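Summary of structural features
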Amino acid sequence: MMKALRALYDWTMDKASHPHAVWWLAFFCFIESSFFPIPPHPLLGLMCLAEPRKAIRFALVATLSSVAGALLGYAIGWGLYDSVGQQLIGMLGLSESFPVAACYLREYDVEAILIAGATPVPFKLLTITAGFIEMALVPFILASLAARAMIFMTVGILFRLFGAPIKRIIDQYLGTVTAIFILLVVGGFIALTSFSGGNEAVQDKCEAATEVVPGG
């Protein structure tokens with residue numbers, strides 16, 4: 001499984017030097033929001049590194065494509081969960097996370113999308129879940145746009161301002177960057193459990209949601 005994922009990752013990263021790299025970036029950002037397991041952030045970084053002057057443009061493409069893909073994820077959760085969504089969630093190893101995500105989305109709505117969508121928490125989990133619980137569509141779109149812009153546009157702006165030095169910093173402090181990435185993942189889940197401002201009843205309710213069968 002890990003070898004297959006690594007091969008898929010390498011294949012995705014190879015598209016950074018493709019003549020139609022922008023279209024590939026848009027494609028990967030679109031499908032990653034609903035079912036593709038490889039995050040597009042490294043591809044965006046490579047493209048921004050190669051052409052810093054186009055970094056903001058690349059980031060904008062990534063943002064809009066990701067939000068468009070979020071609508072596909074929403075549609076899968078809303079109308080195709082039993083036939084498609086449940087299988088996708090299982091293949092991605094997110095079956096146990098799904099009922100918890102559904103619980104927090106029901107409790108915190110837009111706030112959950114904003115925080116989880118701007119962190120390395122799998123965005124596809126949020127989009128499919130939002131459709132499944134029939135979250136209001138306009139707030140979902142606006143929250144997705146804000147969350148994706150926060151993470152992608154930050155990359156674009158940093159590369160546009162600093163260019164190649166960003167790559168040298170990453171190479172020099174790779175261990176630190178990795179640790180920060182892990183902290184962001186953990187922080188995203190901690191933030192999701194902190195919306196209630198100490199409302200232990202809500203937290204206990206969502207933590208217990210793993211005992212509920214999705215769709216049941």
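Computed from a predicted structure; not experimentally measured. (Residues numbered from 1 in each chain as written. Predicted model: local features only at pLDDT ≥ 70, side-chain atom pairs only at ≥ 80, totals over all residues. Heavy atoms only, no water.)

1. Quick notes on a nonpolar patch on the surface
A grouping of I56, I157, L158, L161 and F162 is seen on the molecular surface, where their side chains present a nonpolar patch of about 460 Å² in accessible area. Top element by residues in the nonpolar patch is helix α9 (residues 137-162). It accounts for four residues. On the secondary structure map, L161 appears in helix α9. Owing to a relative accessible area of 61%, L161 belongs among the exposed residues under this scheme. (Patch = residues over 30% accessible without salt bridge, like charges linked within 9 Å, V, L, I, M, F, W, Y side chains within 5 Å. Areas by Shrake-Rupley, 256 points an atom, 1.4 Å probe, with all protein chains shown as cover. Salt bridge = Lys/Arg side-chain N within 4 Å of Asp/Glu carboxyl O. Helix = DSSP H or I, 4+ residues; strand = E, 2+ residues; numbered from the N terminus. Buried < 20%, exposed > 50% of the residue type's maximum accessible area, 1.4 Å probe, protein only.)

2. Concerning the pattern of salt bridges
In total, this model carries three salt bridges according to the counting rule given. With a closest N to O distance of 3.4 Å, E32 and K124 form a salt bridge. Of the two residues, E32 sits in helix α2 (residues 21-32) while K124 sits in helix α8 (residues 123-132), which places them 92 residues apart along the sequence. K124 matches E32 in its accessibility class, with the two residues each being buried. In this structure, the salt-bridge partner of E32 is R148, at a minimum N-O distance of 3.9 Å. Linking E32 in helix α2 with R148 in helix α9, this pair joins segments that are 116 residues apart in sequence. Residue E32 shares its accessibility class with R148, and that shared class is buried.

3. Focus: the environment of P37
The residue P37 is located in the loop between α2 and α3 (41-50) in this model. Taking the C-alpha atoms as reference, P37 lies 9.0 Å from L8; in sequence the two are 29 residues apart.

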